[in-house]
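# Descriptive analysis of the structure
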Amino acid sequence: AQSVAQPEDQVNVAEGNPLTVKCTYSVSGNPYLFWYVQYPNRGLQFLLKYITGDNLVKGSYGFEAEFNKSQTSFHLKKPSALVSDSALYFCAVRAEDSSYKLIFGSGTRLLVRP
Amino acid sequence: DTAVSQTPKYLVTQMGNDKSIKCEQNLGHDTMYWYKQDSKKFLKIMFSYNNKELIINETVPNRFSPKSPDKAHLNLHINSLELGDSAVYFCASRRTGGGSYNEQFFGPGTRLTVL
């Protein structure tokens, strides 16, 4: 069965510093991976996805993610964090059955301090 | 120009009542989903519809009944509400054509509180 793990409940980083939010996955076939962000009392917003091709995927708001097949990881990164990046981040994998539902990780709260 | 909208945004009700949540998308997508986010923020799929046809029912109690009158709408009716149904319910939609890896677009959520 497919699954996603986000090992950190919370990541703290100072504004201007680089940030990484970790995600590992488990699938039997090719992984289709997504990152979403949820701001307080808001819905989920799509950040980026990995389908195939370059291992470094660029997305919205200056975020990027690095796909690593050997480590089955898809970590979210940003070179310079902003206070406004503080939110809840979800990694997800697309199901391999015909439903194509998203299977989400447990979420990581990012706190960027001024 | 809202892409995926849900009504109501907040719903507070008593145990045992029946309530409905509505979802509409104006993106021209043909697949729609309901997800439940619990108090620990964990997100889990409940239902999926493709072209008005149910394709996922993820071991959800039969008190929950989705209805899709057309491709742009997916409503969720809940009978005999229980305390454990308190959660945020998210609707999402996705375009099927052009690739099976299209991202899903989410609505703003409906916060259901059962007293």
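A brief look at the structure comes next. Bear in mind that the values here come from a model prediction, so they are computed numbers and not experimental data. (Residues numbered from 1 in each chain as written. Chains lettered and ligands numbered in written order. Predicted model: local features only at pLDDT ≥ 70, side-chain atom pairs only at ≥ 80, totals over all residues. Heavy atoms only, no water.)

The next point concerns the nonpolar core. One finds Trp35, Leu47, Leu48, Phe74, Leu76 and Tyr89 of chain A to be the most contacted residues of the largest nonpolar core, which totals 27 residues. If one sorts the elements of this core by residue count, strand β10 (residues 87–94) of chain A sits on top with four residues. With sequence-adjacent residues up to four places away left out, leucine 47 of chain A is seen in contact with Trp35, Tyr36, Val37, Gly59, Ser60, Tyr61, Phe63, Leu76 and Tyr89 of chain A. Leu11, Leu76, Leu81 and Tyr89 of chain B belong to the second largest nonpolar core, which has 20 residues in total. (Core = buried A, V, L, I, M, F, W, Y, C linked by side-chain atoms within 4.5 Å. Buried < 20%, exposed > 50% of the residue type's maximum accessible area, 1.4 Å probe, protein only. Helix = DSSP H or I, 4+ residues; strand = E, 2+ residues; numbered from the N terminus. Contact = heavy atoms within 4.5 Å.)

Across the contact, 22 residues belong to chain A and 22 residues belong to chain B. Both faces considered, chain A and chain B share a buried interface measuring about 1,900 Å² in area, 59% of it formed by carbon and sulfur atoms. Scanning the region where chain A abuts chain B turns up one salt bridge. The shortest N-O distance in the salt bridge between lysine 49 of chain A and glutamate 103 of chain B comes to 2.7 Å. In this assembly, chain A and chain B are joined by five residue pairs in polar contact (both at pLDDT 80 or more). A per-class count over the side of chain A that touches chain B returns 11 nonpolar, six polar and five charged. (Buried area = accessible area lost by both parts, 1.4 Å probe. Salt bridge = Lys/Arg side-chain N within 4 Å of Asp/Glu carboxyl O. Polar contact = N/O pair within 3.5 Å; in protein donor to acceptor, adjacent residues only side chain to side chain. Nonpolar A, V, L, I, M, F, W, Y, C, P; charged D, E, K, R; others polar.)

Bringing the pattern of salt bridges into the picture now. Going through the model one piece at a time under the given rule, you end up with six salt bridges over all chains. Across the pair lysine 77 of chain A and glutamate 66 of chain A runs a salt bridge, and its minimum N-O distance is 3.2 Å. Within this pair, whereas lysine 77 of chain A is found in strand β9 (residues 73–78), its partner glutamate 66 of chain A is found in strand β8 (residues 64–68), the two being separated by 11 residues in sequence. Each of the salt bridges in this network shares a partner with another, and the network as a whole consists of Arg63, Glu82 and Asp85 of chain B.

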